[in-house]
Amino acid sequence: MGESRYFKPALFILGILTVYATVVHAGITGSKHDFSGRGWGSNEICIFCHTPHNAKMEGGSAIYPLWNHKVTSATYIVYSSPTMDPRYPAEQPRGPSKLCLSCHDGTVAIDSYGNRDGTNLISGVANFGTNLSNDHPISIYWGHQTYTGGNASCVGCHQIHGGGGMSYIGLPFYERYLECSTCHEPHNKYPTYTKMLRKSLALSEICQHCHGK
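Reading the values: rules and limits
- Residues numbered from 1 in each chain as written.
- Predicted model: local features only at pLDDT ≥ 70, side-chain atom pairs only at ≥ 80, totals over all residues.
- Heavy atoms only, no water.
- Helix = DSSP H or I, 4+ residues; strand = E, 2+ residues; numbered from the N terminus.
- Buried < 20%, exposed > 50% of the residue type's maximum accessible area, 1.4 Å probe, protein only.
- Contact = heavy atoms within 4.5 Å.
- Areas by Shrake-Rupley, 256 points an atom, 1.4 Å probe, with all protein chains shown as cover.
- Salt bridge = Lys/Arg side-chain N within 4 Å of Asp/Glu carboxyl O.
- Core = buried A, V, L, I, M, F, W, Y, C linked by side-chain atoms within 4.5 Å.

**Some remarks on the overall build of the protein chain**
Point 1. When its secondary structure is counted, the protein chain shows five helices and six strands.
Point 2. Across the protein chain, helices and strands are ordered from the amino to the carboxyl terminus as α-β-β-α-β-α-β-β-β-α-α.
Point 3. Counting all 213 residues of the protein chain, 33% fall into the buried class.
Point 4. Considering only contacts within the protein chain whose residues lie at least 6 apart along the sequence, 50% involve residues at least 24 apart.
Point 5. Here the protein chain displays about 13,300 Å² of accessible surface, and carbon together with sulfur accounts for 60% of that area.

This is the structure:
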């Protein structure tokens, strides 16, 4: 009697976790970030970016998260505009965006993972190069967000990752910075949206999330 009292809830929780793992796996499998069939030294999916042990370190501390790919050391020309708040210019790409650029700037081979120095550089429109002046600004500090004072304008729009512990439905910000993965979900969790976006381009939904008038 006492045993069955806990058995059914445990099975229910296990079922939820199994479904979640299946959804995440199904998202990246077959996506543009699935390199398992390329013949690049492994038929695993996660290994090209992540590792459970001996993760890449930068500045003496682990970067993000359990990283297994060579990190770019490039310097970039960043976006600028007279309409931007001069207090919050686009900065050199920070950690979360550097991880994306470690393939997408074309200076590091896609198959440079673990201790391998790869030879397969990204090509075509996916290669942004190091001139980001014609791309949406990244690593830009979102100055209107606050962790104190209960700024209600944040609640409906943004998740805030990092200090403060706040988490709301919306697009993720990283320690109050907009990064590549604010708009793009690298694990393709939303396969119905193009370009691995977190929201739809239809009616400019993803743009109006922040830029709605």
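**What to know about the pattern of salt bridges**
Opposite charge on two side chains permits pairing when their charged atoms draw close.
Point 1. Within the structure shown, the criterion is met by three salt bridges.
Point 2. For Arg 87, the salt bridge goes to Asp 85, with nearest N and O atoms at 2.8 Å.
Point 3. On the basis of relative accessibility, which here comes to 61%, the residue Arg 87 falls in the exposed class.
Point 4. On the basis of relative accessibility, which here comes to 30%, the residue Asp 85 falls in the partly exposed class.
Point 5. One salt bridge in this structure joins Arg 94 and Glu 175, with 3.3 Å as the shortest N-O distance. Remark: Glu 175 occurs in the loop between β5 (171-174) and β6 (177-178) and Arg 94 occurs in the loop between β2 (61-62) and α2 (95-104); sequence separation between them is 81 residues.
Point 6. Residues participating in the shared-partner salt-bridge network are Arg 94, Glu 175 and Glu 179.

**What about the nonpolar core?**
Point 1. Grouped together as the largest cluster of nonpolar side chains are seven residues: Phe 35, Trp 40, Phe 48, Cys 103, Ile 110, Tyr 113 and Ile 122.
Point 2. Setting aside residues no more than four positions away along its own chain, Phe 48 makes contact with Phe 35, Ser 36, Trp 40, Ser 42, His 69 and Tyr 113.

**Brief notes about the environment of Arg 87**
Point 1. Looking at the secondary structure, you find Arg 87 in the loop between β2 and α2.
Point 2. As a C-alpha pair, Arg 87 and Tyr 141 span 54 residues in sequence and 9.1 Å in three-dimensional space.

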